[in-house]
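Residues per chain, in single letters:
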Amino acid sequence: MKKNIVWLSALFLFLSGASFAQTQAPNPGFEDWPGIVTSSPKGWHSYDEAGGAFSGAASNKSGNPTALERVSGHRGKYACVIRCNKIMGVSANGALTTGRVYMGAMGAGSSKNYCFTDRANGYAYKFTGRPDSVYFWAKFKMQGDVYATAKAHLHTDCDFKDFVDIGQPSDIASAILFFQDKGKGGWHQYKQAFKAYASPQKAAADKIPIPTLTNWTRRPSYLLFCFSTNRYVMKGSKGDALYLDDIRMIYNKALSSIQVDGVEINNFRKETLEYTYYYSPSLTRGLLPQIEVQTESPRATAQVEQASLQNPEAIITVSHDDVENGEAEPKIYRVRFVPIDINVTTR
């Protein structure tokens, strides 16, 4: 019963868009919306708060159709929609970011236009988690065969810029997804794994392959999350709309293996949390077999409390960054040892 209460409490916090300090995106369900319907949700920013000489041209205050708006949510009360506009004949893709939009040039493809972490002015989201993946819900209201973008960059203590031609020595890991409408105009959940940089590289994820490391040697200082209605600049159509909701960082606490005295347990499945292992006391000389495990995520950790004759149940506790920050519960696996008079078998 206690586990059910914990799970329901965590679900309520997620759906209500509660504030997560270290390991989740800010206001992940867009439920905290302190201003009017065309203002930005708490923790997120768009053209109304942009910097640069041309920032005012794309804002909701410029007389153009709303670039950002509060709408009905996927599961909760609210969601966010961003829209593409035409500014002096040039398409300005809808944008939403945890950082700040900067518009230093009229040409949409200029290197003077980008989203970035602006620490000095408060457009920065501190983040120390090392998630395995990011999930979010989206739906499209667009013309033609359009790819939208979602980019989540974990970076060091700097004003990181999300632009394909700028070197990114501070990039620790990124989840970059170019995605199409899989919901046929309705809500669909999209998923993307984080990949770590083996060395400083450019952020051109579509041009330079990103190697995956088995372990991350650095923790990030900030998260720069950016959404855009269109993958390519100046290619969107006026009114293209991308609806967003329920963003969730995934910290994989599953095991990939349980071994008993060096032999993989029969019928192991990462979703199965409880096992029974039959052993012969005559073969083990009165001692219980020893458990060894491996985690599916290299960033997860597992602690094994070995079984004993007094307590014949091994307990495996799997934790991750979200558990370390007190924002989630660990995953618990159990292996119960049962003595029998024949050779060791497993179930």
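Structure: see above.
Residues numbered from 1 in each chain as written. Predicted model: local features only at pLDDT ≥ 70, side-chain atom pairs only at ≥ 80, totals over all residues. Heavy atoms only, no water.

**Some words on the packing of aromatic side chains**
And then number 1: Scanning the model with the defined rule gives 16 aromatic pairs in all.
And then number 2: Ring centres 5.6 Å apart and planes at 80° place the aromatic pair Tyr114 and Phe116 in the edge-to-face group. Here Tyr114 and Phe116 have matching classes, each one buried.
And then number 3: By the ring-pair criterion, three or more aromatic residues cluster together here, those being Phe30, Trp44, Phe136, Phe140, Phe179, Tyr190, Phe225 and Phe227.
And then number 4: Sitting over the ring of Tyr78, Arg70 keeps its end group 4.6 Å from the ring centre.
And then number 5: When the ring centre of Phe178 is taken as origin, the NZ or CZ atom of Arg231, which lies over that ring, is 3.9 Å away. (Phe/Tyr/Trp six-rings, centres within 6.5 Å; stacked < 30°, edge-to-face > 60°. Buried < 20%, exposed > 50% of the residue type's maximum accessible area, 1.4 Å probe, protein only. Lys NZ or Arg CZ within 6 Å of the ring centre and 35° of its normal.)

**Thoughts on the sheet that holds strand 21 (residues 291-295)**
And then number 1: Strands sit in the order 19-18-21 across an open sheet of three strands; the sheet is antiparallel. Of all strands in the sheet, those with a lone pairing partner are strand 19 (263-264) and strand 21, marking the two edges.
And then number 2: Judged from the two bridges that link them, strand 18 (residues 255-260) and strand 19 form a sheet pairing that is antiparallel. Bridged to Gln259 within strand 19 is Glu264. (Pairing = 2+ DSSP bridges. Helix = DSSP H or I, 4+ residues; strand = E, 2+ residues; numbered from the N terminus.)

**Describing the pairing of strand 18**
Successive residues of a regular strand alternate their side chains across the two faces of the sheet.
And then number 1: In this sheet, strand 21 lies alongside strand 18 in antiparallel orientation, the contact comprising five bridges. Residue pairing in the sheet places Val260 in a bridge with Ile291 of strand 21.
And then number 2: Linkage of strand 18 to strand 19, two consecutive antiparallel strands, is achieved through a turn of two residues, within which Asp261 is found at a positive phi near 50°.

**Comments concerning the nonpolar core**
And then number 1: Core analysis: the biggest nonpolar cluster contains 36 residues, and Phe136, Phe179, Phe225 and Phe227 have the highest contact counts within it.
And then number 2: Only strand 2 (78-83), strand 8 (133-141), strand 9 (148-155), strand 12 (171-179), strand 16 (222-228) and strand 17 (241-250) provide two or more residues apiece to this core.
And then number 3: Of all the elements, strand 12 adds the most residues to this core, at five residues.
And then number 4: The next biggest cluster of nonpolar side chains, apart from the first, holds 19 residues, and it includes Val260, Leu288, Ala314 and Val318. (Core = buried A, V, L, I, M, F, W, Y, C linked by side-chain atoms within 4.5 Å.)

**Examining the side chain of Thr149**
And then number 1: Structurally, Thr149 is set in strand 9.
And then number 2: Under the relative-accessibility criterion, Thr149 is labelled buried at 6%.
And then number 3: Dropping the residues within four chain positions of it, Thr149 is found in contact with Leu177, Phe178, Phe179, Cys226, Phe227, Ser228, Asn230 and Arg231. (Contact = heavy atoms within 4.5 Å.)

**What to know about the pattern of salt bridges**
And then number 1: Within the structure shown, the criterion is met by 14 salt bridges.
And then number 2: Between Arg130 and Asp321 there is a salt bridge, with its nearest N and O atoms 3.4 Å apart. Note that Arg130 is positioned in the loop between strand 7 (113-116) and strand 8 and Asp321 in helix 3 (residues 321-324), a separation of 191 residues in sequence. When sorted by exposure, Arg130 lands in the same class as Asp321, which is buried.
And then number 3: A salt bridge links Asp132 to Arg299; the nearest nitrogen and oxygen atoms lie 2.8 Å apart. Here Asp132, found in the loop between strand 7 and strand 8, pairs with Arg299, found in the loop between strand 21 and strand 22 (301-305); they are 167 residues apart in sequence, far enough to count as distant.
And then number 4: Look at the salt bridges and you will find they share partners, linking Arg130, Arg219, Asp321 and Glu324 into a network. (Salt bridge = Lys/Arg side-chain N within 4 Å of Asp/Glu carboxyl O.)

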